[in-house]
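# Architecture at a glance
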Amino acid sequence: MEGHDVGNELARSVNHPDSAEEPGSSSLACEHYGSPQQEVTATMRRNDNYLPVPGEEKSLDVDFVNTKDTSDESIPMKNRYADDGSPLYPRQGPYFSDGQRRVDYVLTYHIQKPNSIRRQSSRFGDNNFIRRLWRSLNIRSRGAEAQPKEDPEIAAQEQRTDYHEDDKRFRREEFEENIRETGLELEMDERTNIPGIGFMKVHAPWNVLCREAEFMKLKMPTKKSYEVKQGSNLVEKIRLFIHKVTAPLHPEVDPNRPQSVKFLSHPFSREKQHLFDLSDRDKFFDSKTRSSIVYEVLKRTRCTRATYSMAYRPFGNSSTDGSVNRGITSLLANGVYTSAYPLHDGDIEGANAEPNDRKLLYEQWASYSFFYKYQPIGLIRKYFGEKVGLYFAWLGVYTQMLIPAAIVGVIVFLYGCATVDDNIPSMEICDPRHNITMCPLCDRACSYWKLVTACGTARASHLFDNPATVFFSIFMALWAVLFMEHWKRRQMRLNYIWDLTGFGEEEQEEHKDHNRAEYEFRVMRKTIRKENPTLKREESEKVKVKLTCTDRLPAYLTTVVTMVFMIVVTFAIVFGVILYRISIKAALHMSTYSDQSNIRATVKGTAAVINLVVIIILDEVYGAIARWLTTLEVPKTDKSFEDRLIFKTFILKFVNAFTPIVYLAFFRGRLVGRPGNYLYVVGSYRMEECAHAGCLMELCIQLCITMLGKQLIQNNLFEIGIPKLKKLLRRRKSDLDSKQEEELNRSLHRHEKDHILGPFVGLSPEYMEMIIQFGMVTLFVASFPLAPLFALLNNIIEIRLDAKKFVMELRRPIAAKAKDIGIWYNLLRGLSKVAVIVNAFVISFTSDFIPRLVYQYMFSVDGTMHGFVNHTLSYFNVSEFQPGTDPLQPLHLGYSVEICRYKDYREPPWSSTPYELSKEFWVVLAARLAFVVVFQNVVMLMSDFVDWLIPDIPKDISLQIHKEKILMVELFMKEEQGKRLAARDNHNQDNCNSPSSANQSPPRPRSRPASHANCC
């Protein structure tokens, strides 16, 4: 029950009659569906081992039928409350009511009372008397002989609702009975402070933990330890030196643990328990391992009897509510249980909070005051599991690698600032002595303008369009390769430390890839449709049915059509923003706008903000559409579902974020035409032109606003503001004041507090925003050298923000094993390859780097950049304007204009081929294409060389892995030798005790115990 209003529910408390039904057999289920009288009897039946009925409900005119003692069939419970209603055990930690057994997992379900005994009461409030009076009046009215008239439709609807609730209750009973047969221990808690929610607490005893750990092949530390020797090569010495220098930056999470000692790990086996340190059984399996073991048991515990009753029920509605019940995932999908989650270790705030890993994470990790320190990756993995630990380790490596990239980007930007006064092209544009008259930027409304008015844009463009940006593009391409190699080495080191070196694909498939509930539901429906009534049920079950491509073909077609449509919608929105820029520019030119020189900047800024708002809105829409399309395809496993969802979401969000940027980088100013022959769209809208200094400045503005806006609004403001807004709304809706709310929070048990927290939805949203940021940093870094700096500042906040969210605001996730980051690594590697090509085209076609080189070395008279501006401008005779396109105010500059200039390489009007592309255009185009080919191949070759030069596995790690294998073999050899010696000693002892060998002296082995030396 994820969407209930927690604030209102905590403001009142409902005393429920704690009734429970016998699990019964399939015949009981038939009686339940057959006779209404028997249905009511089954509904009212309760078990003596369940919680007692509250005193105020005992006077109701309802007879609770106890047909027999079913203590052997029901789930064993202990009463949590004494006769006076006070709790027997006041301990509120993650424990059962006895205060000893730890709660390893919690299942929640919706409590639906029969209509005749539904009551509400409030633990806090002043209207208890009115409610009790109203309750007594209702009881008396129901006790009267007069029969009220009911609406048949309402009665039928209530009957259907009760029927579904009874069906869910029967399925819960059977599932819980099957859970008890696996050895898990259960405890029901329906007298909670959260109305309408019942809790089933699950505890795994020691024998179950050992059995399941052996079945899951969990690697556990043995008693054998060895010293980890550091490598002696230059790389390892540098790493150790950096580690010593940065020692104050490491968190203080486990200072007493020696860093140079490691325990051998081996898959747990009950036959080899002597290898493991079992002196403290409560701490041998930590809370993360215990919850993952329980989750594996719950996933494979079946509920077959409820399945058959659902598929073959007399009402014939087999597709009412669910799927084949093959575990907790199916029951959650069907609504039998509303949620399932492991518990946090304890509280993090308050004077009475006991020391625990969660509190330690809150103090050393989820605090903005520790932003300069490294993350406690080992403790994160210990508490949340390897999958979450790998995400934060990757995020830390990525943030760490952004530091040199940000420093170099700032240097490049400062170089542009230092050389802006020495840049000859911008100096020529800003020189008022160059009386260059430019052609109008739009039809009719715009007039002629002086090139000197573009001085500010030209100087600003030099900050990002200078020779240093080419070096920075090459640097960032190599940086991406170094980042990927550094992460692979870091990942291998973590696999060694976390004992994941032997965790292969088969074990991942065995322990993670269970069939999804929706898939099994579709398979069940297909089986029922194809079922032959002449065959027996056992023979029908032997026929293996699965979903084929033909079954999924409508979903695949829907996915393709929908994704193409969404991409077209993105293009249409970008085109709409283009029309906005064109129309607003014309409108501002026609108005009495005082500062005409700022019109271009105003249009650029507002258009970029509109693009940002559209991107943020469409990101949420595309995320929901991608999930809906993936659900339609009915993937078989959770891993397949996750991979398909990630791929669709990445495609849609990538297109959404980068379409405006790609348009500005490669299309704007390319399809314009020339004066007298412009290209028009949608009637009279003339395509946009770039500024004289190129479109790189506009690309920088769009990239800057998009990147900063997504980080500040979508990533940080939404993650911080929305939870605080929800909390504020809950407080305003609640009837409790601050003292009552504090008292209520103190009275909540651990499972109740965790139920209020938000559900864990996975790591895909966290990875996705970082992947999009990585694309912003690498793809168009030539146009925005400060992108790594902004990404670094965002990630410093993002790490602590995610940490606070995981520790404080989300339920504890299931600890999932993983040895890598999965499909995200492939996306990162693909983006790093594409970034080389994109930056080559940005430098070649978007900036003026290539035209400047061509002019300086081929067309310049003195080998300098003097005259470059005049070289890039063509001539146009104003008398050749098309009718209706000439300026309305031709004398805007105070004189008559006969020849205007525009940026292009075309022949002048007095040549034999007027306005045709000149030879300079083809020379520059050839140079641009040659630069793309050379840049791409050189950078790719350098990247591959760096990839080949750096090994994926650190040398010291490979040596330690080899050493562990040798030590493990030695350990087992000693064990086998000890077994042989023990067997020989037992044999010799038997010979000593036998009468026939009383006068014989058996040979004494060297390692024979002293107690067996003489056996007379």
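Read on for an overview of the structure. Within any chain, residue numbers begin from 1 and follow the written order of that chain's sequence. Reporting of local features is limited, given that this is a predicted model, to residues whose pLDDT is at least 70; pairs of side-chain atoms are given and counted only at 80 or more, and all residues count toward the totals for whole chains, interfaces and linings. Side-chain descriptors were evaluated using all non-hydrogen atoms of the structure, hydrogens and water having been removed beforehand.

### Concerning the pattern of salt bridges
As a reminder of what qualifies: We define a salt bridge as a side-chain nitrogen of Lys or Arg found within 4 Å of a carboxyl oxygen belonging to Asp or Glu. Only protein chains enter the accessibility calculation, which uses a 1.4 Å probe. A residue is then buried if its area is under 20% of the maximum for its type, exposed if over 50%, and partly exposed in between. Numbering goes from the N terminus for both helices and strands, where a helix is a DSSP run of H or I of at least four residues and a strand is a run of E of at least two.
Scanning the model with the defined rule gives 40 salt bridges in all. In this structure, Arg 211 engages Glu 212 in a salt bridge whose closest nitrogen and oxygen atoms are separated by 3.0 Å. Look at Arg 211 and you get partly exposed, because its relative accessible area is 29%. A residue is classified by how much of its surface remains accessible, and Glu 212, at 2% relative accessible area, is buried. Where Lys 382 meets Asp 357, a salt bridge forms, and the shortest distance between an N and an O atom there is 3.4 Å. Taken as a pair, Lys 382 in helix H13 (residues 377-384) and Asp 357 in helix H12 (residues 357-364) lie far apart in primary sequence, 25 residues in all.

### Thoughts on the state of the cysteines
Which entries qualify depends on this criterion: Only a pair of cysteine sulfur atoms within 2.5 Å qualifies as a disulfide here.
Overall, the coordinates contain three disulfides when judged by the stated rule. Between Cys 430 and Cys 455 runs a disulfide, and the two sulfur atoms are separated by 1.8 Å. With the S-S dihedral at roughly 95°, the linkage between Cys 430 and Cys 455 falls on the right-handed side. Within this pair, whereas Cys 430 is found in helix H15 (residues 424-430), its partner Cys 455 is found in helix H16 (residues 455-464), the two being separated by 25 residues in sequence. Side by side, Cys 430 and Cys 455 carry an identical accessibility label, which is buried. Residue pairing for Cys 442: its cysteine sulfur links by disulfide to Cys 446, the two sulfurs lying 1.6 Å apart. An S-S torsion of about 90° defines the bridge between Cys 442 and Cys 446 as right-handed. Summarising the burial analysis for this pair, Cys 442 and Cys 446 share the class buried. The thiol sulfur of Cys 700 is not disulfide-bonded, and the nearest other cysteine sulfur, from Cys 704, lies at 6.2 Å. Overall, Cys 700 belongs to the buried group, its relative accessible area being 4%.

### Side note on unusual backbone geometry
The general pattern is negative phi for most residues beyond glycine and trans for most peptide bonds. The phi angle at Asp 499 is positive, at roughly 60°, despite the residue not being glycine. Relative to the helices and strands, Asp 499 is located in the loop between helix H17 (467-497) and helix H18 (505-512). The phi angle at Val 634 is positive, at roughly 50°, despite the residue not being glycine. With respect to the helices, strands and loops of the structure, Val 634 is situated in the loop between helix H22 (599-633) and helix H23 (638-667). Note on Val 634: relative accessible area 4%, which makes it buried.

### Examining the sheet that holds strand E6 (residues 339-341)
Which entries qualify depends on this criterion: Between any two strands, pairing holds if DSSP finds at least two bridges. Angular values range over 0 to 180 degrees, each being the angle between N-to-C directions of two axes fitted as lines to C-alpha atoms, with helices fitted over their stretch in contact. In what follows, residue pairs with any heavy atoms lying within 4.5 Å of each other are defined as contacts.
The strand order across the open sheet built from four strands is E2-E3-E1-E6, with neighbouring strands paired in antiparallel fashion. Since the sheet does not close on itself, it has two edges, and those belong to strand E2 (185-189) and E6, each with one partner. Between one strand and the next, the sheet's axes are offset by a mean angle of 20°, whatever the strand orientation. Helix H9 (residues 287-300) rests against strand E1 (105-110) and strand E3 (197-203) of the sheet, and its axis sits at about 50° to E1.

Everything listed here is a matter of coordinates, which is why it stays silent on function.
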